[in-house]
Amino acid sequence: MASFKSCFFFLFLFLIISCIRSYQVSHDGRAITINGERRVLLSGSIHYPRSTAQMWPDLIKKAKEGGLDAIETYVFWNAHEPLRREYNFTGNLDLIRFLKTIQDEGLYAVLRIGPYVCAEWNYGGFPVWLHNMPGIELRTANQVYMNEMQNFTQLIVDMVKQEKLFASQGGPIILAQIENEYGNVQTSYGDAGKAYVDWCANFARSLDIGVPWIMCQQPDAPQSMINTCNGWYCDDFTPSNPNTPKMWTENWTGWFKNWGGKDPLRTAEDVAFSVARFFQTGGTFQNYYMYHGGTNFGRTSGGPYITTTYDYNAPLDEFGNLAQPKYGHLKELHDVLHSMEKTLTSGNITNSDLGNSVAVTIYALDGQSSCFFSNANETTDATITYQGVQYNVPAWSVSILPDCKTEVYNTAKVNTQTSVMVKKSNDAENEPASLQWSWRPEKVDEAVVLGRGRSSAHELVDQKVANDVSDYMWYMTNVYIGKNDPIWSDNMTLRVNGSGHILHAYVNGQYLGSQWATYGIFNYVFEKQVKLNPGRNHISLLSATIGLQNYGAHFDTVQSGIPGPVEIIGKNGDESVIKDLSSHKWSYKVDLNGINNKLFSGNPKFENGQWFSQDVPINRMMTWYKTTFKAPLGNDPVVVDLQGLGKGHAWINGESIGRYWPSYLAEEEGCSTDLCDYRGKYGPDKCASGCGEPTQRWYHVPRSFLKSDENTLVLFEEFGGNPSLVNFQTVQVGTACGSAYENKTMELSCNGRPITAIRFANFGETEGICGSFDKGSCSSENDVVSIIEKACVGKEKCSVPASESVFGSTNCGNNAKRLIVEAVC
C-alpha cells in the first residue's frame, strides 16, 4: 500500500511539473535559440502608456497578424513611481496586464527596463524627484542614483517573477534590457561612465531572470551583455562580442514630431529595404521602433517640444489602424523571412560583391539554399545573372529568393494596398454648431496682483524643484525704485533670461508679454519696455514647461523654468543702468488654480466658482472652456479638431488627451510636392510634408474615454483662441488603392465598410500615385474596371489575381505589369 502511495505521489508530482512550461533562451554568434530552436525573430515596439488598456488586445493581435514574433516595450519609471516610493501600476500603467495580453496572443516579449528610456518621453522616463535628491548624479557611478535605480529595477523584476512572466518561468519575456543607448553619451561621464556600465551588467546578472540581457548602442558592453544596434539602417553593424548574435533593437519606422516640425514620412519600400539588408548580412533579431507609436497623453511628451501625437509613421497608426502600405508590405517580408528561418540561422554564408553597390548572399544548409540579391545603388537598376538566369533588381532594393530560383519578394515592389485615411463628421450631432460653450477665467490675481506664493528663496530656482507635478510655476518678486534711483528713466525694460520653454510676464498686475523658443533651443532673452511706478513694483513671471529634456549627456541638468538673470534696465541716452533682481526674495507657486481645483474633473465639489454661458470670449489668455457632446456613432477611432485654439491642455470626461498647440505652425520650408523617392538613405527631412500647416490639429480621443450618453470636453486655453470651430470626427479608410505585380494577388479592404465604387483600374503600366492615377504606355485588352467592379463593389474586401488570364494580354512586352485599382470606401 505504501508503495502504491509513493507511485501516486511521484505521478502527481510529474504531472504538476509537466504543466509548468519553461523556455530555455540562449544565444551564440548566429542566433537567439528558444528551446533548442534557432530563431529569426521579428519584433515591434508598442508602449503600453501611449495607448489604453482597452486598445492592447487589438494592437497586439494586429501585430501578430502582421507577422511579428514579439512585442518590445520600455518600462516608464516616472509613470510608475511619480513620487518616491509611491507606485502606480493601474489602468494604462498595468505593465503586468500588458505582458499577459502579449502572452495571451502567443507572442514573446522584450522588456526594456532601462530604467532610462529616452523615447521622447518626459525627462527620459526618470522621475524628477531623482534630480532633487542630495548628492545625486544621474546615469553614472553615483551611489545615490544607483541605489534608486536598483530599487526600481528590482521592483519590476520581482513583479514579473511573481507572475512567472520570464521565459525561464514559462512566460513570454525572452530578453530584458538594462540601461539604454548609454554608449552614445558615455565619454561625457569619463571613467565613472565605464564603471557604471560594469555595475549595470553585474547588477543585471545578479537578478537571475533566466533570459539574456541586452544593452543597445553599447560597444563596450560586458561579455555577459548583448550589444545591439539602433538606427534607420543596421546592416553594417557588427556586435563587439563575436559570440553574440547581430540584433537590431530599434529600426526607426519614421520619426517623431516636434512643435513647429514637419510631418515625417519613411516609405514602406525603404523600411523593407533596411530589414532585408539586415537579414542578408547576418541579422537574427529585428525590432520596429515604433510598430504602434500611439499618443502622448497627459504631460508625458518630452523634448522639450515633442508633440502629443507619437504616430511615428508606424505600421499601426496612432489610432491603431493598419497604416497601409507599410503594414502589408512588411507582413509579406516577415512571411518570407520566417520561411527561411532554419537556413538563415544555421546555414553557411557566401557573399559576392558584384560592384556598383550590388551584392549576392547565399545561405546554404543540407542541400538547400536561399538567396538575397541586393542593389544599394540609389539611382541605377541592376541585372544579376545567377545560375544562368537573369534577375532585375531595382535601385535601392533587395530581392529574396527562398530557393535561389524564384524571386518571391522585392522590397521595392509593393503588393499591398495603400489606404487613404479621411475624417468623417460626427453623425450623432451637428457640430460645431451644436456645441454650447461655457467659460470661466483662470484666477491669476493671487499671483499677478498679490504675489502670494507657497514657498520663497533669495534665488531663482530650477522649475524641476517642484518635482514636475505641473507644467506651470509662478516666479514672483517686488522691487522698490525711487525717482532718485540711478536706474529710473522714461526708458526702462524688463529683461529675463528664459530656459527655452514658455514665459508670460506681468508687471503691477498688467500683462507685459510672452515668449518661447523653438525646438532644440534651450534659452532665449525676453526683453520688453516696462512702465514702473515710483516705489514698490510687483513682478510675476509664469513659466510653462513643454516636456522636459529627454536625451543627451547630462540631459537631466538642462535647466527649466527661469534660470535668470532677471533684470531691470534703465536707459538714459547712451548709458544703461542694470538692476539684477536674481537674488531678490522670490515667492513661488506651483500650478494654476483651475488645475489645482480640478476644473477638468466634472466634479462640482472641486469647482470654486461658476461657469458663465453668456458672452463666451475669444482670444482671451488664461481661460477655461467647457462643453458637452455626443460620442460619434460606430467604432471608428475618434479625434477632436482643435483648429482655432492657441495652446493649452484638453480633457475628456476628466481624462487628459494631452497638450494642444494648433497655433504653432510647421516651418515653411523643406517640403516638396514631388512624388517621394524611396531610393537613398532616409532622414527626418526627406519626403516631409505639412509645411506652414498646424503642427498638430487633430487629437486622439480613445473610445474608452467616452460615455454612451453625454460627454464633457474641458479646455484650458493659455494663449487665447476661439473654441467655436471645435468638433469631433472619426477616422476611417476613405480610398483604398490596391497594387499587385503580375502573378501576385491584388487585395482590397475598406476595414469593415463596403467598397462602393471603383474610380480607376488598370492592368499594365500605370503612372501617378493613389488619388491621381493615369494609364501608362500599355494596358490589357479587357475592361479592367468592369472586372474589378464585379469582383469588389459591395464587399468589405476582395482579392483578384494580377494576370493576363484574368485581364487579357497586354502590349507591355518584357516590362513589369501591375494591377492598380482605386476604390472608394
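Residues numbered from 1 in each chain as written. Predicted model: local features only at pLDDT ≥ 70, side-chain atom pairs only at ≥ 80, totals over all residues. Heavy atoms only, no water.

### What to know about the packing of helix α5 (residues 143–162) against helix α6 (residues 190–206)
Selection rule: Every axis in this analysis is a line fitted to C-alpha atoms, fitted for helices over the stretch in contact. Angles between the N-to-C directions lie between 0 and 180 degrees. Comment: elements are numbered from the N terminus, with helices defined as DSSP H or I runs of at least four residues and strands as E runs of at least two. Angle categories are assigned with fixed cut-offs, so that under 35 degrees is roughly parallel, over 145 is roughly antiparallel, 65 to 115 is roughly perpendicular, and the rest are oblique. Crossings are classed by handedness, with left-handed meaning an anticlockwise turn of the near helix from the far one by less than a right angle and right-handed meaning a clockwise turn. When checking whether two residues touch, look at their non-hydrogen atoms; a contact exists if any pair is within 4.5 Å. In this count, Pro and Cys sit with the nonpolar residues alongside Ala, Val, Leu, Ile, Met, Phe, Trp and Tyr, while Asp, Glu, Lys and Arg are called charged and the others, Gly among them, polar.
Following both chains from N to C, one finds α5 and α6 inclined at 30 degrees, their axes separated by 12 Å at the closest point. Relative to α6, the element α5 is oriented roughly parallel. As α5 packs across α6, the resulting crossing turns out to be right-handed. Taken together, the residues of α6 that come into contact with α5 (itself represented by Tyr145, Met146, Met149, Gln150, Thr153 and Gln154) are Tyr196, Trp199, Cys200 and Phe203. Residues that form the contact of α5 with α6 fall into these classes: 7 nonpolar, 3 polar and no charged.

### Some details on the sheet that holds strand β1 (residues 25–27)
Which entries qualify depends on this criterion: Any two strands with at least two DSSP bridges between them are considered paired.
What the 3 strands build is an open sheet, ordered β1-β2-β3; its pairing is antiparallel. Of all strands in the sheet, those bounded by a partner on one side alone are β1 and β3 (37–39). Taking each pair of neighbouring strands and ignoring which way they run, the sheet shows an average axis angle of 35 degrees. Sheet analysis places strand β2 (residues 32–34) next to β3, joined by 3 bridges and oriented antiparallel. Across the sheet, Thr33 pairs through a bridge with Arg38, a residue of β3.

### Points about α5
Two residues of an α-helix separated by three or four positions point the same way, owing to the 3.6 residues in each turn. Convention followed: In this scheme, a helix's expected span is set at 1.5 Å multiplied by one less than its residue total. Throughout, exposure labels follow a simple rule: accessible area from a 1.4 Å probe, protein chains only, divided by the maximum for the residue type, with under 20% read as buried, over 50% as exposed, and the rest as partly exposed. The arc in question is formed by the directions pointing from the helix axis toward the C-beta atoms. Throughout this description, a polar contact denotes any pair of N or O atoms lying within 3.5 Å of each other; where both atoms belong to protein, one of them has to be capable of donating a hydrogen while the other can accept it, and for residues adjacent in sequence the pair is counted only when both atoms sit in side chains.
Over its 20 residues, α5 extends 28 Å from the first C-alpha to the last, a length consistent with the 28 Å expected when each residue adds 1.5 Å. Within α5 the residues assigned to the buried category are Tyr145, Met146, Glu148, Met149, Phe152, Thr153, Ile156, Val157 and Val160. Summarising the axial view, the buried residues of α5 lie within an arc of 165 degrees, below the 170-degree limit, and thus occupy one face. Looking at the buried positions of α5, the neighbouring elements they touch are α3 (77–80), α4 (95–104), β6 (108–114), β7 (173–178) and α6. Of the residues that open α5, the one with a side-chain oxygen 3.2 Å from the backbone nitrogen of Val144 is Asn142. Of the residues flanking the end of α5, it is Lys164, one or two places downstream, whose phi is positive at about 55 degrees.

### Here's the deal with the pairing of strand β27 (residues 535–544)
The buried fraction of β27 is high, at 8 of 10 residues. Bridge analysis of strand β22 (residues 472–481) against β27 gives 10 bridges, and the strand direction is antiparallel. Among the inter-strand pairings, Thr477 is bridged to a residue of β27, identified as Ile539.

### Overview of the pattern of salt bridges
Where we set the bar: Whenever Lys or Arg places a side-chain nitrogen within 4 Å of a carboxyl oxygen from Asp or Glu, that contact is recorded as a salt bridge.
Here the structure, examined in full by the defined rule, presents 36 salt bridges. We note a salt bridge from Asp220 to Lys194, for which the minimum N-O separation is 3.5 Å. With Asp220 in the loop between β8 (213–216) and β9 (225–231) and Lys194 in helix α6, this residue pair connects regions lying 26 residues apart in the sequence. A network of salt bridges, in which partner residues are shared, links Glu81, Arg84, Arg85 and Glu148.

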